[in-house]
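# Fold and geometry: a report
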Amino acid sequence: MSDERPEKPLPELRASDADRDRVVERLRDAVAEGRLDMEEFEERLEAAYTSRTYAELEPLTRDLPAAGGAAPLAAPVGAAGSSWPARIGGRGTSTNAVAVMSGFQRKGVWTVPARFDAVAFWGGGELDLREANFAEREVVINCVAIMGGIQITVPPGVEVDVRGFGLMGAFDQRDSPGPAEPGAPRVVVTGLAFWGGVEIKVKPPKHPPSGPSLRKQL
C-alpha cells in the first residue's frame, strides 16, 4: 500500500493560517477583478477567518477561476502599504499599560491584543497603531483616564468605533479614518474619562510596513 498523501487535502483536515491567507488573497483578487461585490467579499472574508477545516474553506472560492486565469487588477492593500490580512493574527505583545503620575507609550511594530486596557491617572499615554499588527480583526481598547490623557493614533482605512463615556472629560475623535478598507481591522474604544480625555487621531504611518517584514520582527 502507498502511504503517500492525496494530492488534494482531505476535507476533514484542519486548515492552517497559511491556507486561510491564500483563500483571503484570492477573494481580494476577485474583488479587484469585479467578480465579487463588497457585501459578498465581507461575508466570505468572515467565513474564511473562522474556518477550521478544508471543507469549510473550499466553497469560498469554488465559483472563482484560478488566480492568473484572467489578467487581474491590482489587489487592494491597506493604507499602511501592506496587505491587511497579513497583519491580523498572533499573540498580543502586551495586554495593558498604566501611567500613575507618569506616562506610557506603545508604538512602532507591536501586536495589539483582542483587548487592551490603558489607565492614565495624573499622567498620559500614547498608543500608536499605525505600524501595529492585530491579534484579531476586531480589537477593544478600554481606556480609563482620570485627570490624565490617552492618545490613540490609527492609520487611514481602519474602522474606529468610539463608545467611551466622559464625565467632566471627553472621548474625542476629530479625524475621520475614511471608508474602512477590505480586510482592515476594527478598533473599538471604550472606557471612562473623568476630568481627563481620550483622543483618537488618524495619521498615515511614517514608514509603510509590509506584512512579511512585520512578522519577522515579532
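Please read these numbers as outputs of a predicted model, since none were measured by experiment. For every chain, the first residue of its written sequence is number 1, and the numbers climb from 1 along that sequence. This being a predicted model, a pLDDT of at least 70 is required before a residue's local features are given, and a value of 80 or more before pairs of side-chain atoms are given or counted; all residues contribute to the totals for chains, interfaces and linings. Side-chain metrics in this entry use all non-hydrogen atoms of the structure; hydrogen atoms and water are not considered.

Numbered from the N terminus, helices here are DSSP runs of H or I no shorter than four residues, and strands are runs of E no shorter than two. Among the structural elements, Val 23 can be located in helix 1 (residues 17-32). A sequence separation of 37 residues divides Val 23 from Leu 60, and the C-alpha atoms of the two residues are 7.6 Å apart.

We now examine the pattern of salt bridges. Salt bridges, as used here, are contacts in which a Lys or Arg side-chain nitrogen is within 4 Å of a carboxyl oxygen on Asp or Glu. Per the stated rule, a full pass over the model turns up twelve salt bridges. Across the pair Glu 25 and Arg 28 runs a salt bridge whose closest N-O atoms are separated by 2.8 Å. Highlighted residues: Glu 25 and Arg 28, both in helix 1, separated by three residues, approximately one helical turn. Look at Glu 25 and you get partly exposed, because its relative accessible area is 30%. The buried label goes to any residue with under 20% of its type's maximum accessible area, the exposed label to any with over 50%, and the partly exposed label to all in between, with areas taken from a 1.4 Å probe on protein chains only.

A word on the layout of surface pockets. Reported here for the largest pocket is a volume of approximately 410 Å³. Those elements that place two or more of their residues in the lining of the largest pocket are helix 1 and helix 2 (38-50). Only Asp, Glu, Lys and Arg are considered charged, only Ala, Val, Leu, Ile, Met, Phe, Trp, Tyr, Cys and Pro nonpolar, and every remaining residue, Gly among them, polar. Residue classes in the lining of the largest pocket are distributed as five nonpolar, three polar and eight charged. Space inside and on the surface of the protein is sampled on a 1 Å grid over the protein atoms alone, with a cavity defined as a set of points where a 1.4 Å probe fits but cannot get out and a pocket as an open set with protein on both sides within 12 Å along at least 5 of 7 lines; lining residues have an atom within 4 Å of a point. Grid points are joined across faces, edges and corners, and a volume is the space filled by probe spheres set on the points.

Moving on, we get to the nonpolar core. Definition of nonpolar core: a set of buried residues of the types Ala, Val, Leu, Ile, Met, Phe, Trp, Tyr and Cys, connected through side-chain atoms within 4.5 Å. Leu 129, Ile 150, Ile 152 and Val 198 are the most contacted members of the largest nonpolar core, which totals 31 residues. Mapped onto this core, the elements with two or more residues apiece are strand 1 (96-100), strand 4 (115-121), strand 7 (138-146), strand 8 (149-154), strand 12 (186-194) and strand 13 (197-202). Contacts are residue-level and defined by heavy atoms, with any inter-residue pair within 4.5 Å sufficient. The contacts of Leu 129, once residues within four sequence positions are left out, are Arg 87, Trp 110, Val 112, Phe 134, Ile 141, Ile 152, Thr 153, Val 154, Pro 155 and Val 187. Core analysis: the next-biggest nonpolar cluster, separate from the first, contains 13 residues, Val 31, Leu 36, Leu 57 and Leu 60 among them.

Moving on, we come to the pairing of strand 12. Between any two strands, pairing holds if DSSP finds at least two bridges. Bridge count between strand 7 and strand 12: nine bridges; the pairing is parallel. Looking at the pairing, Cys 143 lines up with Gly 191 of strand 12.

Comment: phi is negative for the bulk of residues other than glycine, and the bulk of peptide bonds are trans. Located in the positive-phi region is Trp 122, a residue other than glycine, with phi close to 55°. With respect to the helices and strands, Trp 122 occurs in the loop between strand 4 and strand 5 (124-128).

With that settled, consider the sheet that holds strand 2 (residues 103-106). As summarised here, the arrangement of the five strands in space is 2-5-8-13-11, forming an open sheet in which the pairing is parallel. Two strands in the sheet have a free side with no partner beyond their single neighbour: strand 2 and strand 11 (170-173). Sheet twist, expressed as the mean angle between neighbouring strand axes with direction ignored, is 10°. Relative to strand 5, strand 2 is paired through four bridges, and the arrangement is parallel. By the bridge assignment, Gln 105 is partnered in strand 5 with Glu 126. Between N-to-C directions, angles span 0 to 180 degrees; the directions come from axes that are lines fitted to C-alpha atoms, helices contributing only their stretch in contact.

Only centres within 6.5 Å qualify two rings of Phe, Tyr or Trp (six-membered ring in Trp) as a pair; their planes then separate them into stacked at under 30 degrees, edge-to-face at over 60, and tilted for everything else. Scanning the entire structure with this criterion turns up four aromatic pairs. Taking 5.9 Å as the distance between ring centres and 5° as the angle between the ring planes, the aromatic pair formed by Phe 121 and Trp 122 counts as stacked. Ring centres of Phe 194 and Trp 195 lie 5.8 Å apart, and the angle between their planes is 5°; this geometry places the pair in the stacked category. For Phe 194, a relative accessible area of 28% translates into the label partly exposed.

Next up on the list: a nonpolar patch on the surface. On the surface, Val 98, Val 100, Met 101, Phe 121, Trp 122, Met 147, Phe 165, Leu 167, Met 168, Leu 192 and Trp 195 cluster together into a nonpolar patch covering about 1100 Å² of accessible area. For the nonpolar patch, the secondary structure elements donating two or more residues are strand 1 and strand 10 (165-167). Phe 165 gets classed as exposed once you look at its relative accessible area, which sits at 51%. Each patch groups residues whose relative accessible area exceeds 30% and which form no salt bridge, using 9 Å between like charges and 5 Å between nonpolar side chains of Val, Leu, Ile, Met, Phe, Trp and Tyr. Accessible areas in this description were obtained via Shrake-Rupley with a 1.4 Å probe; residue shielding takes into account the shown protein chains only.

For Ala 135, the location among the structural elements is in the loop between strand 6 (133-134) and strand 7. Taking C-alpha positions, Ala 135 is 9.1 Å from Thr 93, a pair spaced 42 residues apart along the chain. Excluding residues that lie within four positions of it along the chain, Ala 135 makes contacts with Gly 89, Gly 90, Gly 92, Thr 111, Val 112, Pro 113 and Ala 114.

Another point: the confidence of the model for the protein chain. Residue-level confidence of the predictor, termed pLDDT, takes values from 0 up to 100. For the protein chain, per-residue confidence averages 81 on the pLDDT scale, and 81% of positions sit at 70 or higher. Within the protein chain, the element-level pLDDT minimum falls on helix 4 (residues 211-217), averaging 42, and the maximum on strand 4, averaging 97. Here residues 1-9 is a poorly scored stretch, pLDDT under 50, and it has two contacts once near neighbours within four places are set aside; other chains count. Overall, residues 70-82 carries pLDDT values under 50, and its contacts beyond four positions in sequence, including any with other chains, amount to 28 contacts.

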